[in-house]
2 protein chains.
Amino acid sequence: MAPPPSDPVVDIHTHMYPPSYISLLSNRSTVPYIHQPSDPKADPRLIILDSDDDPARPRSSRGRPVDSTYSSFDKKREFMRLHGITCSVISLANPWLDFLDPESARATAVGINDDLESACAENNASSQHAGLKLYAFASLPLSAPAEDIVSEIQRLKTLPHVKGVIMGTTGLGKGLDDPALDAVYSALATTNTIVFLHPHYGLPAEAFGGPSVIARSGHVLPLALGFPLETTIAVSRMYLSGVFDRHPKLEFLLAHSGGTIPFLAGRIESCVAHEREFIANGGKTQGPQRSIWDVLQTNIYLDAVIYGQPGLKAALEAAGSVDRVLFGTDHPFFPPLGDEEGGKWLSVESNKGVIRSSFPQDEAARKKILGGNAVRVLGLDL
Amino acid sequence: MAPPPSDPVVDIHTHMYPPSYISLLSNRSTVPYIHQPSDPKADPRLIILDSDDDPARPRSSRGRPVDSTYSSFDKKREFMRLHGITCSVISLANPWLDFLDPESARATAVGINDDLESACAENNASSQHAGLKLYAFASLPLSAPAEDIVSEIQRLKTLPHVKGVIMGTTGLGKGLDDPALDAVYSALATTNTIVFLHPHYGLPAEAFGGPSVIARSGHVLPLALGFPLETTIAVSRMYLSGVFDRHPKLEFLLAHSGGTIPFLAGRIESCVAHEREFIANGGKTQGPQRSIWDVLQTNIYLDAVIYGQPGLKAALEAAGSVDRVLFGTDHPFFPPLGDEEGGKWLSVESNKGVIRSSFPQDEAARKKILGGNAVRVLGLDL
């Protein structure tokens, strides 16, 4: 039975490679690309990082398998029903559209964003899927000229099911502190378009001791640490370079509860206060003008994809309020590898469990994190 | 007036380059080294990272100045009085003794550790310094053969003022998950020697976008992020490689509240649970056998050098108890750059303030973090 509309459970961190995107990647043979194995029973392989594209291995074992959970709206709805999710705000997974040819980037983005819009509209109009709503974060043609990016941002406001954009940490190729992004940030702020910031590249292998150290524990180091540390560095660079000073209305929703920003915000603040380069008399460069806490509590939202109570408590404390933290699942990543009870996903249950145990007596707080905040922040019609 | 002995304030994260160490570095001309400028009024320069040793700059402007706060016990006591610290557990700052010639490493370590022991003994016996106690974390000759390291660990137990050892993240050169460290870990565990783990190298510049990106904000990125992320990676590698499975009695005190381990522990746990390489049937390698929470609550202590309430709350929550988090200052780093009120150090006041505001009604908890835990964990005689 679907929960009553007053208690929505909204998943704001849930990825899809819709068919048009699968087809885009399948037509490529350099990273990122999808390899279709000759064995019709084998799943296609998704190769999205240079480090996945090891020429010493056959293509059929490079990267990771992409089964239909990545591309099927039916599978997404099945997952939503299983976990009592009433609304999913879907987004492309990495690497989004960062790799496109500048000339065709905008047209491709328009096509894929329109596809997402249509799929959401169709789902929400269908009586067959009553109780399951879909919205989307669109993707930007970041390799295109700035005016193309800006015009796509403006066009997205005409798509009623698009509630923001998802973006990686490279921006136009030089990171999110690139002054050339100012026109994009202005357009995002002016149109009240929230950016869901998500990592992709992790850290260089050297940061972990090199590829052989990484290989000893499968994907744990790049996934568990590389992803959140990439986000931490990207947001710190934005903050330190004054992006939030120049664009005080910019709104970012940070994946994985902000990487580690909630935990390190105090240390960042302290290092800024002790940085000779930033001190007014004799300081050579201008430091950030706003406190990092002010930015966290004005410009930033955090998802609750953190899998632990210490992290969630830090996220809530840094956000300054239970109103700025939003439930998510990271579906279809981290699927069950064994026979979890009732088929439920451990990755989802642990994040739900942490929200429950953090607020054992406060149902209102739990409801905000699980859905109320998403409805308010994204303006969802449920 | 000194606080009564029942309320000690113990600083477990406080560095010194004692005169013998200053002399060791001053006799070197490759990293790490101290440059004595020809101008007698100029402070010596400490050049401890390859990236500090820029041949395009004169030596007199490379690295950072080391004034007498780094080497003077009187300055340490002055700082302690200023901040109401009744006991300091001093340790060399990075890069400790990691760079020594293998042949002479042990003898040098013995000399420097004996110097620290003597300085503490002399201080504690002097009526002139009543109310100010000194203890030390010694340094190990990690470049020496393993048997030399082990014998120094055993010898340190005969020095009554040495209460543990400080160590960086490189171990014998290959990181803390190096199987060659097992003999060292066994000796540490058998002798109940706690390891104060401290970062030094940070992350490769590429992780931040390269040297030119770093330079835009002085030392903020390497210090605010590089240090804690280095610790995070080092401890994760230890955990993933089973160090705490093989050495269940090993005790580590982590600098900067564990880098970001308290925040990311849940994500690490989740990635381990979803790692195909680790899953028993068909898993290629053995994953860690103990839960990361068990390790955090059995083998790990955290300092409270975190400068923010979200971080301290996560540290306390991950530690599972107020008994495993210990006050520290990071003196003489982060000195005041301006005219703070009463000359007090902002970096110290912010950490003290966070402890206060986290436990406004719980004086017992504050006292534990500020000193009681250190007295119990390190066996201090105050």
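Computed from a predicted model, the values in this text were never measured in an experiment.

(A) Molecular detail of the interface of chain B and chain A. Listed as interface residues are 64 residues of chain B and, on the opposing side, 64 residues of chain A. With its nearest N and O atoms 3.4 Å apart, the salt bridge here joins B:Lys313 to A:Glu317. Our enumeration of links across chain B and chain A arrives at 16 residue pairs in polar contact (both at pLDDT 80 or more). Within the residue set of the side of chain B that touches chain A, elements represented by two or more residues are helix 7 (220-240), helix 9 (261-273), helix 11 (309-319) and helix 12 (346-358) of chain B. For the side of chain B that touches chain A, the element with the most residues is helix 7 of chain B, which contributes 13 residues. Among the residues making up the side of chain B that touches chain A, the classes are represented as 35 nonpolar, 18 polar and 11 charged.

(B) Quick peek at the sheet that holds strand 3 (residues 45-47) of chain B. Ordered by their spatial adjacency, 3 strands build an open sheet running 2-3-4 (chain B), and the pairing between neighbours is antiparallel. Each edge of the sheet is formed by a strand with only one pairing partner; in this case those strands are strand 2 (33-35) and strand 4 (64-65) of chain B.

(C) Fine view of the environment of A:Leu240. Note on placement: A:Leu240 falls in helix 7 (residues 220-240). Considering only alpha carbons, one finds A:Leu240 and A:Val272, 32 residues apart in sequence, at a separation of 8.4 Å. Setting aside residues up to four positions removed in sequence, A:Leu240 forms contacts with A:Val272, A:Phe278, A:Gly287, A:Pro288, B:Ser217, B:Val220 and B:Leu221.

(D) Here's a closer look at the sheet that holds strand 6 (residues 133-139) of chain A. Residues and elements named next belong to chain A. With respect to topology, 8 strands assemble into an open sheet ordered 1-5-6-7-8-9-10-11, the strand pairing being parallel. Every interior strand has two partners, whereas the edge strands, strand 1 (10-15) and strand 11 (325-326), have only one. Where strand 7 (residues 162-167) and strand 8 (residues 195-197) come together, 3 bridges link them in parallel fashion. Residue pairing across strands places methionine 167 opposite leucine 197, the latter belonging to strand 8.

(E) Summary view of the relation of the copies chain B and chain A. Of the two same-sequence chains, chain B is brought onto chain A (RMSD 0.0 Å, axial shift 0.0 Å) by a rotation of 180°. Read as a symmetry element, the transformation amounts to a two-fold axis. Across chain B, the smallest distance between a C-alpha and the rotation axis is recorded for B:Ala314, namely 2.7 Å. An overlap of 100% is found between the interface residues of chain B and their copies at the interface of chain A, pointing to a shared contact surface.

(F) Seen up close, the domain arrangement of chain A. All names here are of chain A. For chain A, the domain assignment lists domain 1 (18-65) and domain 2 (98-123 + 135-378). Each of domain 1 and domain 2 was reduced to a C-alpha centroid, and the two centroids are 26 Å apart. The partner domain 2 presents 9 residues to the 10 residues of domain 1 that form the contact. Summed over both partners, the interface of domain 1 with domain 2 buries about 780 Å², with 76% contributed by carbon and sulfur atoms.

(G) Focus on the side chain of A:Ser358. Along the chain, the position of A:Ser358 falls in helix 12 (residues 346-358). Sequence-distant contacts of A:Ser358, that is, excluding residues within four places in its chain, are made with A:Gln309 and A:Leu312.

(H) Summary view of helix 11 (residues 309-319) of chain A. Residues and elements named next belong to chain A. Most of helix 11 sits out of view: 9 of its 11 residues are buried. Residues of helix 11 that are buried include every one of Gln309, Pro310, Gly311, Leu312, Ala314, Ala315, Leu316, Ala318 and Ala319, and no others. Immediately downstream of helix 11, the backbone of glycine 320 shows phi near 80°, a positive value.

(I) Region of the structure containing the packing of aromatic side chains. All names here are of chain A. For the coordinates displayed, the defined rule picks out 16 aromatic pairs over all chains. Taking the centre distance of 6.3 Å and the plane angle of 70° together, the rings of tyrosine 307 and phenylalanine 334 count as edge-to-face. Residue tyrosine 307 is found in the loop between strand 10 (300-303) and helix 11, and its partner phenylalanine 334 is found in the loop between strand 11 and helix 12; the two are separated by 27 residues along the sequence. Residue classification places tyrosine 307 among the buried residues on the basis of a relative accessible area of 4%. Taken together, the ring pairs in this structure connect Tyr17, Tyr21, Tyr70 and Phe333 into an aromatic cluster. Seen from the ring of tyrosine 301, arginine 324 lies directly overhead, with NZ or CZ sitting 4.2 Å from the centre.

Reading guide: rules and limits
Residues numbered from 1 in each chain as written. Chains lettered and ligands numbered in written order. Predicted model: local features only at pLDDT ≥ 70, side-chain atom pairs only at ≥ 80, totals over all residues. Heavy atoms only, no water. Contact = heavy atoms within 4.5 Å. Salt bridge = Lys/Arg side-chain N within 4 Å of Asp/Glu carboxyl O. Polar contact = N/O pair within 3.5 Å; in protein donor to acceptor, adjacent residues only side chain to side chain. Helix = DSSP H or I, 4+ residues; strand = E, 2+ residues; numbered from the N terminus. Nonpolar A, V, L, I, M, F, W, Y, C, P; charged D, E, K, R; others polar. Pairing = 2+ DSSP bridges. Least-squares fit on C-alpha atoms with pLDDT ≥ 70 in both. Domains from an automatic or database assignment. Buried area = accessible area lost by both parts, 1.4 Å probe. Buried < 20%, exposed > 50% of the residue type's maximum accessible area, 1.4 Å probe, protein only. Phe/Tyr/Trp six-rings, centres within 6.5 Å; stacked < 30°, edge-to-face > 60°. Lys NZ or Arg CZ within 6 Å of the ring centre and 35° of its normal.

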